[in-house]
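# Analysis of the macromolecular model
Here is how the chains run, residue by residue.
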Amino acid sequence: MSLTRQDVEKIAHLARLSITDQEMPVYVSSLSSIVTFVDELSRSDTEGVLPMAHPLDGQHQRLRADAVSETDNHEKYQRNAPSVTAGLYVVPRVIE
Amino acid sequence: MRDWEVVIGLEIHAQLATMSKIFSGSATAYGAPPNTQANLVDLAYPGVLPVLNARAVQMAVKFGLAVDATVARRSVFARKNYFYPDLPKGYQISQYELPVVARGTLKVMLDDGVVKTIGITRAHLEEDAGKSLHEGLANASGIDLNRAGTPLLEIVSEPDMRSAKEAVAYMKKVHTLVRYLEICDGNMQEGSFRCDANVSVRPKGEEKLGTRAEIKNLNSFRFVEKAIQYEIARQVELIESGGKVVQETRLYDSDKDETRSMRSKEEANDYRYFPDPDLLPVEIDEKFIEAVRLTLPELPDQKAARFAKDFGLSAYDAGVLSASRELGAYFEAVVAGLKAGHAKLAANWVMGELSSALNRDNVDIEHSRVNPVQLIGLLNRIVDETISGKIAKDVFEAMWSEGKPADAIIEAKGLRQITDAGAIEGVIDAVMAANPKQLADYRSGKDKLFGFFVGQVMKATEGKANPAQLNELLKKKLGGGGHA
Amino acid sequence: MHNLFIGELAERLKKRQISSVELTRHFLSRIERLNPALNAFITLTAEQALADAAAADARLQAGERGPLLGIPLIHKDIFCTDGVKTSCGSRMLDNFVAPYDATVVARFKAAGTVMLGKSNMDEFAMGSSNETSYYGPVKNPWDISKVPGGSSGGSAAATAARLAPFATGTDTGGSIRQPAALTGVTGLKPTYGRVSRYGMIAFASSLDQAGVFARSAADAAAALQIMAGFDARDSTSVDVPVPDYSKDLGSPLKGLKIGLLREFFDGLEPRNAALIEDALNIYTGLGAETREVSLPHLPLSVPTYYVVAPAECSSNLSRFDGVRFGYRCENPKDLLDLYKRSRGEGFGAEVKRRIMTGTYVLSAGYFDAYYLKAQKARRLITNDFRSAFEKVDLVISPTTPTPAFDIGAKMNDPVLMYLNDIYTIGANLAGLPGVSVPCGFVDDLPMGLQLIGPHFGEAKLLNAAHQYQQATDWHRHAPRGYE
């Protein structure tokens, strides 16, 4: 199935990816061919089959005891941060 | 002008009172310095993974049992994908198709005493986001992720409410319930209990729902009521002037008392929900549910029913006194300290003087300056007629501000009621003698002057004359056409 | 020294015939000399390695024994290593120093291994040729104009070039087995949930699994022994006892039932088919029985994978947003710009393609047709394997359709690149363990034989691989110049 430039722009926006005008045709074409490829799935008969989100069936979520196990390590963690002020991660103004 | 019907549904986010976060072992305590309670999992560092907090699940199940809901034997966590700086993973772990709690109901007493059953569509577990702060940052925002990962129970009601007042009553009931269950501290200033309101209007009799607007993040009962009222008026006016309500998210501005559209959420968000592959389905068995059921306290409705039955209170009074476990406990302690048959007295004082004092000084009942034992002491003095009810109010005020017991204050201020008939008669005689004109007017038919004489005797006795005796004696002495 | 196997090295270390420091220096000097042509490393940790080796020597001196004590290794740059750059092959994490150790890393540390460095890889583990790395492609030591396979190309090439006795990798759609086959080494992907994913940068959470490259099944067994085990920090980690993988390596194969997957042999290239035939003869010679089994839904595995994996990764990679760590674009003009340019500039083309594919298949209106459909196909494929394992103990196939291809040959056609994974993907979808062992040469380039086992059947898998390696010597061949 062929995707249009508009489709790709919408997806790129949802995924917060900047795509230059130059790159756009390449992405439109490669995404179209990928989607065509996976469209093969539509030809398979999956009537009555339950979807499988995890490879090991019959496993269920383990529960952890409610206890505080962490100490303050913010100085170590914030060493990787691009911009920090007074312990806060700084980003361009968030408009509500 | 058509008759409009309002349809309201509420989505309440209650922060669960666990010690650690829902998917990490970070503390959930409020008020820590920025990012000091955010570990690698909360910060969404590469390679980290979520592990589910057992107590969050127990609390959700507890809520489900308290609203007679179906507890899902199998529920699934799903990722809700969107980008926002206070959402470090770029997705929120929530529940979508298979929430932990399914349909339930909650009975809500409205102002007029009518009890309405509100449906609860579902309640599910999810994680809270962090906070964005703007002060002191030019053109920028500062992100604090301490709150990111705190467990939330999102409680979704059916669109069963038909007025702002009904919505507030429901919200208050849920607030009472989560505090009873000790699953949420209900502290709205700290953001532990937040509400989104979905509001739409339709012509009366119309079955189809109108387009709804969602008002987000209302964190007080008062704001919920005002925001909904504004929104109803806005929508009605819009439709009546030929416009159409747009499905959108709005914020309530409490300074201007209006709702306005949220700019950043104008575009419809495609959340691309899918089951979180890092978490396995949660399986809850009978054993788990029964263990939680054993921890259920007496629920508000059960307590109210018991108060009404055992203490002969009206449904309304019973409802007020059971609005919180602490208030109910206080009340019961007071009743227990009085002789049988005085529950109504206790009720009146707890709902009246005590509640006024608490509200006035912005104090909660656990920090009341008059404790049950002290109030019992005061009420017993009314019962044994040492003081009148009116004087008791003054004593109470003194108890509240000085922290002394009733007897000490009665003694110190000489407030004992005068019950000596002779003494009262003497004062009556003096008052009658001092007011011959009024006496004559009264005896010639001006019944209303009875009150004047009561007032004068009370003034002369500094309010200490026993009212019942005063009435009786005054009637006798005034004689003639007097009646009280 | 670099041709010795782990057991032999451990023996010499125990007898103090060599020290860990000497061993480490030996590999470090080989790396210095030979790595530039291969580009197998992103970060070398020589100083720390020598310090760790000295510490291991002290432990050995004190009489401590351990199968990996003092043995050097390489970690794929997808594993978080405390205090050491962890890039995942991406510009997005070029400036990222991990503040913690992945569980896999911690376990190896505790066992006394010596980390030589972090290996090059396809960006965010997305690729089958190690050509998408921000740090340049890795070359195949058998022929440096060819790819080593991916995404764990650096670990594979380094192991084949004898730059370390073994290396860790990760396998989501074949990223250990395929490069192992193309570089002539042994590559093991354990059962999903056997090894902790905590600290392993996530690509596709329900498919990713950590594993190992080594030059023999016995070496792989020694490494798996340390890696495997329950981890409370990973909710998908399975609490199943870890057997002694080395103990049963020598078990005879008499009566072992090996299944040939019919779907794999249709249209197989004749020289590839011939190598598999030879291998089957070896196995029947060892007492195994072979029979045909069919996995009728297996042809769906590649399109299924290319819906599920991108869907999961599109979500997993949302955390890379320039806010708390990683690449941030210059002078973002507003929040939207910060996100779009940090991610647009920080991620390479293949990663962006997969994120967008994933976003698309999860989006409103497409979810049922793609994602949900793929999850159903996944169950059908898994059920097929389950039925097969009722009849046979292991299934066998080639690991790849062809030997290593030229660098640059498939970069312009993503779908063509995806078809490399045709034999390996099924095991990831079903969560099954798989191993690739060298089984011969085509055009002087190594080819691999793949064995897939039932859940938690690693012991049986390694036993079969080991017996094959006792009867053949393909695994002892070294690329010219690296012997």
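The numbers attached to residues start from 1 for each chain and follow its sequence in the written order. Following the order in which they are written, the chains are lettered starting with A and the ligands numbered starting with 1. Totals for whole chains, interfaces and linings use all residues, but because this is a predicted model, local features are given only for residues with pLDDT of at least 70 and pairs of side-chain atoms are given and counted only at 80 or more. Think of the side-chain values as coming from all heavy atoms in the structure, minus any hydrogens and water.

## Remarks on the overall build of chain B
The following threshold applies: Comment: elements are numbered from the N terminus, with helices defined as DSSP H or I runs of at least four residues and strands as E runs of at least two. As defined in this context, the radius of gyration uses C-alpha atoms, and a globule is described by 2.2 Å times the residue total to the power 0.38. Working definition: with a 1.4 Å probe on protein chains only, accessible area under 20% of the residue-type maximum means buried, over 50% means exposed, and in between means partly exposed. Every residue pair with non-hydrogen atoms within 4.5 Å of one another is taken to be in contact. Method for areas: the Shrake-Rupley scheme with a 1.4 Å probe, in which residue coverage is limited to the protein chains shown. Positive charges come from Lys and Arg alone, negative charges from Asp and Glu alone, with His and the N- and C-terminal ends not counted. Charge positions come from single atoms, namely NZ of Lys, CZ of Arg, CG of Asp or CD of Glu.
In terms of regular secondary structure, chain B is built from 15 helices and 16 strands. Against the 2.2 N^0.38 benchmark of 23 Å for 484 residues, chain B shows a C-alpha radius of gyration of 29 Å, more extended than a compact globule. The buried share of chain B, taken over its 484 residues, is 55%. When contacts within chain B are restricted to residue pairs at least 6 apart in sequence, long-range pairs at least 24 apart make up 69% of them. In the structure as shown, chain B presents an accessible area of about 21,200 Å², 51% of it carried by carbon and sulfur atoms. Taken together, the 61 basic and 67 acidic charged side chains of chain B have centroids lying 3 Å from each other.

## A closer look at the sheet that holds strand β5 (residues 91–95) of chain B
Sheet strands pair via backbone hydrogen bonds, and the direction of the pair is either parallel or antiparallel. Residues and elements named next belong to chain B. Going by this rule: Think of it this way: DSSP has to see at least two bridges between two strands before they count as a pair.
As summarised here, the arrangement of the three strands in space is β5-β4-β15, forming an open sheet in which the pairing is antiparallel. Looking at which strands have only one partner, the edges of the open sheet turn out to be β5 and β15 (274–275). Here strand β4 (residues 77–81) pairs with β5 via five bridges, running antiparallel. Bridge pairing links Ala-78 to Ser-94 in β5.

## Structural notes on unusual backbone geometry
Excluding glycine, most residues fall at negative phi; most peptide bonds, likewise, are trans. Residue and element names in this part refer to chain C. Put simply, Gly-150 and Ser-151 share a cis peptide bond, and its omega is 10°. Within the fold, Ser-151 resides in the loop between β3 (114–119) and α5 (153–160). In the Ramachandran plot, Asn-39 falls in the positive-phi region, its phi being about 55° despite a non-glycine side chain. Mapped onto the elements of the fold, Asn-39 is located in the loop between α2 (20–38) and β1 (41–44). Its relative accessible area of 21% is what places Asn-39 among the partly exposed residues.

## A look at the packing of helix α9 (residues 372–383) of chain B against helix α10 (residues 389–402) of chain B
Residues and elements named next belong to chain B. We count it as follows: Between N-to-C directions, angles cover 0 to 180 degrees, with each direction set by a line fitted to C-alpha atoms, over the stretch in contact for helices. Under this scheme an angle from 65 to 115 degrees is roughly perpendicular, one under 35 degrees roughly parallel, and one over 145 degrees roughly antiparallel; angles in between are oblique. Working rule for handedness: look at the near helix, and if it is turned counterclockwise from the far one by less than a right angle, call the crossing left-handed; if clockwise, right-handed. Residue polarity follows a fixed list, in which Ala, Val, Leu, Ile, Met, Phe, Trp, Tyr, Cys and Pro are nonpolar, Asp, Glu, Lys and Arg are charged, and the others, Gly among them, are polar.
Axis separation between α9 and α10 bottoms out at 10 Å; the angle between their running directions is 160°. Between α9 and α10, the interaxial angle falls into the category roughly antiparallel. Regarding α9 and α10, the two cross each other, and that crossing is right-handed. When α9 is examined against α10, the residues Gln-374, Leu-375, Leu-378 and Ile-382 are found in contact with a partner set consisting of Gly-389, Ala-392, Val-395, Phe-396 and Met-399. Its residues placed into classes, the contact of α9 with α10 shows seven nonpolar, two polar and no charged.

## Focus: the pairing of strand β13 (residues 248–253) of chain B
All names here are of chain B. Counting buried residues along β13, six of its six residues qualify, which places the element largely inside the surrounding structure. Every second residue of β13 is oriented toward a common face, with Glu-248, Arg-250 and Tyr-252 on one face and Thr-249, Leu-251 and Asp-253 on the other, all of them buried. Bridge count between strand β12 (residues 213–218) and β13: four bridges; the pairing is parallel. Within the sheet, the bridge partner assigned to Ala-213 lies in β13 and is Glu-248.

## Points about the interface of chain A and chain B
Interfaces are often described in size by the accessible area the parts lose on coming together. Where we set the bar: Polar contacts, as used here, are pairs of N or O atoms within 3.5 Å; protein pairs need one atom able to donate a hydrogen and one able to accept it. Residues neighboring in sequence count only if both atoms are side-chain atoms.
On the side of chain B, 54 residues touch chain A, which itself brings 34 residues to the contact. In this structure, the connection of chain A to chain B is made through 26 residue pairs in polar contact (both at pLDDT 80 or more). Of all the elements, strand β3 (residues 88–92) of chain A adds the most residues to the side of chain A that touches chain B, at five residues. Here the residues of the side of chain A that touches chain B are counted per class, giving 15 nonpolar, eleven polar and eight charged. Looking at chain direction, β3 of chain A and strand β9 (residues 140–144) of chain B are connected through four bridges and run antiparallel. Looking at the pairing, Pro-92 of chain A lines up with Ala-140 of chain B of β9 of chain B.

## Quick look at the sheet that holds β9 of chain B
Spatially, β2(A)-β3(A)-β9(B)-β8(B) is the arrangement adopted by the four strands of the open sheet, whose pairing is antiparallel. The outermost strands of the open sheet, each flanked by one partner alone, are β2 (84–85) of chain A together with β8 (131–133) of chain B. As paired strands, β8 of chain B and β9 of chain B are joined by three bridges and run antiparallel to one another. Of the residues in β9 of chain B, the one forming a bridge with Lys-131 of chain B is Asp-144 of chain B.

## A few points about the confidence of the model for chain B
Stated formally: Every residue carries a pLDDT, the predictor's confidence in it, which falls somewhere between 0 and 100.
Scored by pLDDT, chain B comes out at a mean of 92, with 98% of its residues at no less than 70. Under the prediction, the complex receives an ipTM of 0.95, its pTM being 0.92.

## Brief notes about the packing of aromatic side chains
Heads up, the condition is: Ring pairs are drawn from Phe, Tyr and Trp, using the six-membered ring of Trp, whenever the two centres fall within 6.5 Å, and their geometry is named by plane angle: stacked under 30 degrees, edge-to-face over 60, tilted for the rest. Only when the NZ of Lys or the CZ of Arg is both within 6 Å of the ring centre and within 35 degrees of the ring normal is a charge said to sit over the ring.
Counted under the stated rule, the structure contains 35 aromatic pairs over all chains. Seen in terms of ring centroids, Tyr-77 of chain A and Tyr-45 of chain B are 6.0 Å apart; in terms of plane orientation they differ by 50°. Their pairing is tilted. Of this pair, Tyr-77 of chain A sits in helix α3 (residues 74–77) while Tyr-45 of chain B sits in the loop between β1 (4–15) and β2 (52–53), on two different chains. As far as the burial class goes, Tyr-77 of chain A and Tyr-45 of chain B line up, both buried. Taking NZ or CZ as reference, Lys-172 of chain B lies 5.4 Å from the ring centre of Phe-221 of chain B, over its face.

## Describing the interface of chain C and chain A
Formally: Here the quantity called buried area is the accessible surface, traced with a 1.4 Å probe, that two parts lose on coming together, added over both. Whenever Lys or Arg places a side-chain nitrogen within 4 Å of a carboxyl oxygen from Asp or Glu, that contact is recorded as a salt bridge.
Taken residue by residue, the interface counts 64 residues in chain C and 50 residues in chain A. Both faces considered, chain C and chain A share a buried interface measuring about 5,200 Å² in area, 68% of it formed by carbon and sulfur atoms. The largest share of the area that chain C buries against chain A comes from Met-356, Lys-373 and Arg-379 of chain C, three residues that together contribute 14% of it. Where chain C meets chain A, there are three salt bridges. A salt bridge links Lys-352 of chain C to Glu-23 of chain A, with the shortest nitrogen-to-oxygen separation between them at 3.8 Å. At the boundary of chain C with chain A, the tally comes to 18 residue pairs in polar contact (both at pLDDT 80 or more). No other element matches helix α13 (residues 368–391) of chain C, which puts twelve residues into the side of chain C that touches chain A. Per-class residue counts for the side of chain C that touches chain A are 36 nonpolar, 14 polar and 14 charged.

## Some words on helix α3 (residues 46–61) of chain C
Residue and element names in this part refer to chain C. Note the threshold: How far a helix is expected to stretch is found by multiplying one less than its residue total by 1.5 Å. Directions pointing from the helix axis toward each C-beta atom define the arc.
Given a rise of 1.5 Å per residue, 16 residues ought to cover 22 Å, and the 22 Å separating the end C-alpha atoms of α3 matches this to within 8%. Turning to α3, its buried residues number three or more, namely Ala-49, Ala-53, Ala-56, Asp-57 and Leu-60. Angular distribution of buried residues about the axis of α3 spans 105°; they occupy a single face of the element. Exposed residues pointing more than 90 degrees away from the buried face of α3 are listed as Glu-47 and Gln-61. Contact partners of the buried residues in α3: α1 (6–14), α2 and β3.

## Focus on the pattern of salt bridges
All names here are of chain B. Taken as a whole and assessed by the stated rule, the structure comprises 63 salt bridges over all chains. Put simply, Glu-248 and Arg-234 hold a salt bridge, and the shortest N to O gap is 3.9 Å. Linking Glu-248 in strand β13 with Arg-234 in helix α3 (residues 221–240), this pair joins segments that are 14 residues apart in sequence. Summarising the burial analysis for this pair, Glu-248 and Arg-234 share the class buried.

## Overview of the environment of Leu-87 of chain B
All names here are of chain B. Its place among the elements puts Leu-87 in the loop between β4 and β5. Residue Leu-87 is classed as buried on the basis of its relative accessible area, which comes to 4%. Remark: the alpha-carbon pair of Leu-87 and Asp-128, spanning 41 residues in sequence, is separated by 8.6 Å. Contacts of Leu-87, omitting those with residues within four sequence positions, involve Tyr-82, Gln-92 and Ala-129.

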